[in-house]
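One letter stands for each residue in the lines below.
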Amino acid sequence: MPLKRLTNLLYVAVNYLPPNYAARCASSWTNNPTVWRMGCRPTTAINVGRMYGRTGAFTTNQQQGMGKRNMDALSEEEKRLFPLKTVTSVVSLFESILKRTTEPDLALLSIIVGCIENTLTCNQQILSGAKSTVLTTTVDETSEKPLAIPPVRKEDDFPEIEWPIVEALYVKFRAVIKSSVDVTQYGCPEFATRELVKRVSDVIWNTLTRSYYKDRAHLQSLYSYLTGNKLDCFGVALAVVAGCQVLGFNDVHLALSEDHAWVIFGLEGKETAEVTWHGKGNEDKRGQPVDAGIQARSWLYVSGNPVICSRFTEVASLVSSINPSITATTDSLEVASMQQSLLWVLYDTGHLTRYPMALGNLADLEELSPTPGRCHCGQLFSQAIEVARRCYGNSHVYPYTYQGGYFYRNRMYKEALESWANAADAIRSYNYSREDEEIYKEFLEIANELIPFVMKVEGSGHSARSILKDSECFAHLLRFYDGICQWEEGSCTPVLHIGWAKPLVNTISKFDSQVRRHVVISCSEVAEEDTPVTKPPG
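This text gives an overview of the structure that appears in the document. Only a predicted model underlies this, so the values are computations on that prediction, with no experimental measurement involved. (Residues numbered from 1 in each chain as written. Predicted model: local features only at pLDDT ≥ 70, side-chain atom pairs only at ≥ 80, totals over all residues. Heavy atoms only, no water.)

### Section: the packing of helix α17 (residues 356-368) against helix α18 (residues 377-392)
Counted only if it meets this: Fitted lines through C-alpha atoms serve as axes, helices being fitted only where they are in contact, and the angles separating the N-to-C directions of these axes extend from 0 to 180 degrees. Each helix corresponds to a stretch of at least 4 residues labelled H or I by DSSP, and each strand to a stretch of at least 2 residues labelled E; elements are numbered beginning at the N terminus. To sort the angles, those under 35 degrees are grouped as roughly parallel, those over 145 as roughly antiparallel, those from 65 to 115 as roughly perpendicular, and the leftovers as oblique. The criterion used for residue contact is that any of the two residues' heavy atoms lie within 4.5 Å. In this count, Pro and Cys sit with the nonpolar residues alongside Ala, Val, Leu, Ile, Met, Phe, Trp and Tyr, while Asp, Glu, Lys and Arg are called charged and the others, Gly among them, polar.
Viewed as axis vectors pointing N to C, α17 and α18 meet at an angle of 175°, and their least axial separation amounts to 8 Å. With respect to their mutual orientation, α17 and α18 come out roughly antiparallel. Only Cys377, Leu380, Phe381, Gln383, Ala384, Val387, Ala388 and Tyr392 of α18 make contact with α17, whose side of the interface consists of Pro356, Leu359, Gly360, Leu362, Ala363, Asp364, Glu366 and Glu367. Looking at the contact of α17 with α18 residue by residue, the classes come out as 11 nonpolar, two polar and three charged.

Structural data, given as structure tokens:
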């Protein structure tokens, strides 16, 4: 369909159709091939208008008016950066946006990075000898034709991302939110209310496909939502915050734990609300505060110490969530390069200073492809740990496992054992629940695969006299398992089982008795009020 007619249709949806029409038709816009099939008649926009008693196409002035109302997210200078076709052009766009005094538009930026990510990683075949992709698009109800994207020029990094395409998706998102949420029903409050946040969450939730995508890649952006009605857990939370921003409620922000997301809102940001799903997609908690999870001492809620996002930190979160994977073993270098460059832009502007997970992601990318003139990845891993300790009371576990993985990959096994022991020290303050399955799998892999492999390597050949003769390494091992045991104490769900016990016994037996003898085990001091009173003899 010619782009001008596409814009006309979207203009109808925003300004002419009955209330809630856009929301009711959100799925059909992307899922019904008869609506968007190529070759539709030029009078489509006019016919849609006539269905509701209005005739005529739209004048240039009307289209410009639509742009002025909805497209202030970018300046004219920023629009001239389009079409985006290199990592450098994307970085320039983000740099310009981050230098503003006004808040960035989450919906727009999520659409842009999602479009690039999906173009380079989804439904594509890389043609040998050329940077080119072939996508399949439905052209009628019964057949499919390959739609060839022109080969990418050698000086470009990816197929051109045109501004009108981004604009159309952005207008569509605004149409869905504004036509589905009547702020006047809530008394036009200055700050968001729980009912209003729940309503925005319902709008996003009810326009998704009826499947939950826990481990599917590339479903975290609004591009995925607007083109396929699919979002993962983080994507739903981001969409809700972006929707509230569309409605003018700038007090609604993301709160990010290490495997979950919710929102804060209100005058001082003290109200919390679940807006997304976790695990198998139980939506019953949406709209409820997160107090119950914090009181249950679940790792999922990090003891009430999540990363509280500003609008700029939310931009960092959507960049950090970019996934460059094409298959389980193949990544897109262009997407990884874009993510790495954007994270450095956010790092330089100070928007990662309280975001341990993003620092860890940047460190991982730097390990694979170091940026000339930048600090070593090891410093970034250490910085993430320092932030987790200073800002979040050592409630975050992943900074330690990120660092431990780096040491393990570089055969720095003593340092890896210490990092894993520090991770267990962080997890010992929680009670295990079934919602914590992701961190459970992380520790299970460390205990049953990584540590046994270290013992095997260090116990053979010329390495036989290394860490197995080091009493500090044995102490790190004991501290690791002690943290896991304390994690289980007081929990309704057990952690340890026979699958943990066998590797533990085998690992401990690798250390000589002389090494084990040098480790002094001391119990932490008992609180004074818990100290039993004993009478002196006599």
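We are not done yet, so read on.
### Notes on the nonpolar core
Filter applied, for reference: Throughout, nonpolar core names a set of buried Ala, Val, Leu, Ile, Met, Phe, Trp, Tyr and Cys residues whose side chains join them through atoms within 4.5 Å. Only protein chains enter the accessibility calculation, which uses a 1.4 Å probe. A residue is then buried if its area is under 20% of the maximum for its type, exposed if over 50%, and partly exposed in between.
Phe173, Phe443, Phe480 and Trp487 are the most contacted members of the largest nonpolar core, which has 142 residues in total. Ranked by residues supplied to this core, first place goes to helix α13 (residues 233-246) with 11 residues. If sequence neighbours within four positions are ignored, Trp487 has contacts with Ile427, Arg428, Tyr430, Asn431, Tyr432, Asp436, Ile439, Tyr440, Phe443 and Val495.

### What about the sheet that holds strand β5 (residues 271-273)?
To be explicit about the condition: Each pair of strands is called paired provided DSSP finds at least two bridges between the two strands.
If you trace the four strands from one edge of the open sheet to the other, you get β5-β4-β3-β6, paired in antiparallel fashion. Edge positions in the open sheet fall to β5 and β6 (307-308), since each of these has one partner strand only. Summarising the sheet, strand β3 (residues 253-256) and β6 pair through two bridges and their orientation is antiparallel. Bridged to Leu256 within β6 is Val307. Along the sheet, helix α15 (residues 311-320) contacts β3 and β6; its crossing angle with β3, the most-contacted strand, is approximately 55°.

### Some details on the packing of aromatic side chains
Each pair of aromatic rings is reported with the distance of its centres and the angle of its planes. Here is the rule: Each aromatic pair joins two rings of Phe, Tyr and Trp (for Trp, the six-membered one) with centres within 6.5 Å, and gets the label stacked for planes under 30 degrees apart, edge-to-face for over 60, and tilted for any other angle. For a Lys NZ or an Arg CZ to count as sitting over a ring, it must be within 6 Å of the ring centre and within 35 degrees of the ring normal.
Under the definition given, this model contains 18 aromatic pairs. Taken together, a centroid distance of 5.2 Å and an interplanar angle of 40° make the contact between Trp262 and Tyr301 tilted. Within this pair, whereas Trp262 is found in strand β4 (residues 261-265), its partner Tyr301 is found in the loop between α14 (291-295) and β6, the two being separated by 39 residues in sequence. Just as Trp262 is buried, Tyr301 falls in that class too. Joined through ring pairs, the aromatic side chains of Tyr432, Tyr440, Phe443, Phe480, Tyr481, Trp487 and Trp500 make up one cluster. The cationic tip of Arg286 hangs over the ring face of Trp205; the distance from NZ or CZ to the ring centre is 4.4 Å.

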